[in-house]
Amino acid sequence: MAQNHPVIYYGTSTFGSSHVPALQDKTNVSKFLEVLQEGGISQIDTAARYPPDNHGASERMLGQVKASSKGFTINTKVLFAGQSSAGTLSKEAVRKSVENSLKTLGVDKLGILYAHTADPVTPLEEQAAALNEQYQKGFCEKIGISNFPLDTLKSFVEICEKEGYVKPSVYQGQYNLICRGPEMDLIPFLRKHNMTFNAYSPLGGGFLTGKLTLGTAEGTRLRSAYGAHFARWYDKPEFHDAVRKLLEAIEPLGIKPSEAALRWLAYHSVLGEDDGIILGATKVEQLRQNIEDIGKGPLPREIVQVIDKIGETIDALGGGDFEVRPTELPPR
Ligand SMILES: NC(=O)c1ccc[n+]([C@@H]2O[C@H](COP(=O)([O-])OP(=O)(O)OC[C@H]3O[C@@H](n4cnc5c(N)ncnc54)[C@H](OP(=O)(O)O)[C@@H]3O)[C@@H](O)[C@H]2O)c1
């Protein structure tokens, strides 16, 4: 019997990237959409920033292949370009970004419109008003927030309540079997405010496939400028130890590390059916594999126990440092 799991999204942050030449090709991009349709996935996650080395190319690709008229819901994020998010959530910047996204994607309405990351300069009142304006104009079904520190999110929600603005109903953040920080304070806050959580980087940008630990990462994203920030976050002895422990447990059962990470997130993490998992894949075969793996259902109990232990060990070490700092992201 098929098991329920969070909503599956496919993230297109690599569409149009110079680091993944195949994804600059419309025919290849169309193949990804076909695999998604075969897998019953209709939600796409993009951003005006994507890919980081060629802002806007992901939305352009999605527009050119007519993803929306093929039945996909497109969820995007307000542009923050370069290394600074200062001023990106002003009323004017949000208007411009949304207008451009709608035109580029060839849609009248987005699924979720996210603030991509905190804007340290624009008053929070203006940011909340800016997103509310786009919602009231009917340009999106939902407002989402991504990467805001919890305190900023709390203030943002308070402003929405006080001013009668639409409240964000989705938060997008990094979450996987190593990056467990959101479970502590963020997700409990979201639950109180009827907000769902969409988990990005379910494989830690590829780290949870084991390739960095096993020394086979050459030529992959983790060794490119595009994935350097993931390598910086994850390339630490305690995280390699965690991957080794996982490999030791799953190998005898013929389970791949990426499969274990995705099945854990889908069936054993704190995510529920209304939350989301945003898959990443730069090859059609990876995407097909990931969808098939999630379809296999819950993991054997002994593997869940190993992953729980990994979580406890990382918590005891103070967790990882997974904060998105705009200045540390790949340069344009
Ligand atoms: N809001 C934000 O700030 C934010 C930040 C990050 C991501 N996101 C969203 O989340 C999406 C997914 O994030 P992510 O790309 O970091 O996800 P991820 O699943 O953690 O990493 C994807 C990478 O893992 C490798 N991979 C995936 N499936 C594999 C498989 N079956 N076998 C071997 N390797 C596999 C690929 O690396 P190689 O390419 O090296 O083969 C792929 O590029 C993004 O596209 C974006 O939409 C949002």
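Residues numbered from 1 in each chain as written. Predicted model: local features only at pLDDT ≥ 70, side-chain atom pairs only at ≥ 80, totals over all residues. Heavy atoms only, no water.

Asks: An account of the side chain of S85 is needed here, citing residue identities and associated values.
Replies: By the secondary structure assignment, S85 is in the loop between strand 3 (73-77) and helix 3 (91-105). In terms of polar contacts, S85 uses its side chain to reach the backbone carbonyl oxygen of A118, at 2.8 Å. (Helix = DSSP H or I, 4+ residues; strand = E, 2+ residues; numbered from the N terminus. Polar contact = N/O pair within 3.5 Å; in protein donor to acceptor, adjacent residues only side chain to side chain.)

Asks: I'd love a proper account of the packing of helix 9 (residues 257-267) against helix 10 (residues 284-294), names of residues and values included.
Replies: As a packed pair, helix 9 and helix 10 sit with axes 9 Å apart at the nearest point and diverge in direction by 50 degrees. The angle between the axes of helix 9 and helix 10 places the two elements in the oblique class. Considering the relative orientation of helix 9 and helix 10, their crossing is right-handed. Seen from helix 9, the contacting residues are E259, L262, R263, A266 and Y267; seen from helix 10, they are N290, D293 and I294. Among the residues making up the contact of helix 9 with helix 10, the classes are represented as 4 nonpolar, 1 polar and 3 charged. (Axes fitted to C-alpha atoms, helices over the stretch in contact; angles between N-to-C directions. Parallel < 35°, antiparallel > 145°, perpendicular 65-115°, else oblique. Left-handed = near helix turned anticlockwise from the far one by under 90°. Contact = heavy atoms within 4.5 Å. Nonpolar A, V, L, I, M, F, W, Y, C, P; charged D, E, K, R; others polar.)

Asks: A description of the site of the ligand should follow, citing residues and the corresponding values.
Replies: In the region of the ligand, 29 residues are neighbours, and S13, D45, S201, G205 and T282 sit closest. Residue Y50 places a side-chain N or O atom 3.4 Å away from a nitrogen atom belonging to the ligand. Backbone polar atom of L203 to an oxygen atom of the ligand: 2.8 Å apart, as the coordinates give it. The fraction of the free accessible surface of the ligand (900 Å²) that becomes covered by protein chains is 91%. (Near = heavy atom within 4 Å. Areas by Shrake-Rupley, 256 points an atom, 1.4 Å probe, with all protein chains shown as cover.)

Asks: Would you mind going over the UniProt feature "domain: NADP-dependent oxidoreductase" (unreviewed entry) in the chain in detail, with residue names and values included?
Replies: According to UniProt, the "domain: NADP-dependent oxidoreductase" (unreviewed entry) feature falls on residues 8-311. In residues 8-311, the share of helix is 41% and the share of strand is 13%. The end C-alpha atoms are 23 Å apart. (UniProt positions renumbered as here; feature names shortened; annotations may be inferred.)

Asks: Explain the sheet that holds strand 3 residue by residue, including any values.
Replies: Around the barrel, which closes on itself, the 8 strands sit in the order 1-2-3-4-5-6-7-8 with parallel pairing between neighbours. Each strand axis lies, on average, 25 degrees off the axis of its neighbour in the sheet, ignoring direction. Summarising the sheet, strand 6 (residues 170-174) and strand 7 (residues 196-200) pair through 5 bridges and their orientation is parallel. Directly across from Y171, in strand 7, lies its bridge partner F197. (Pairing = 2+ DSSP bridges.)

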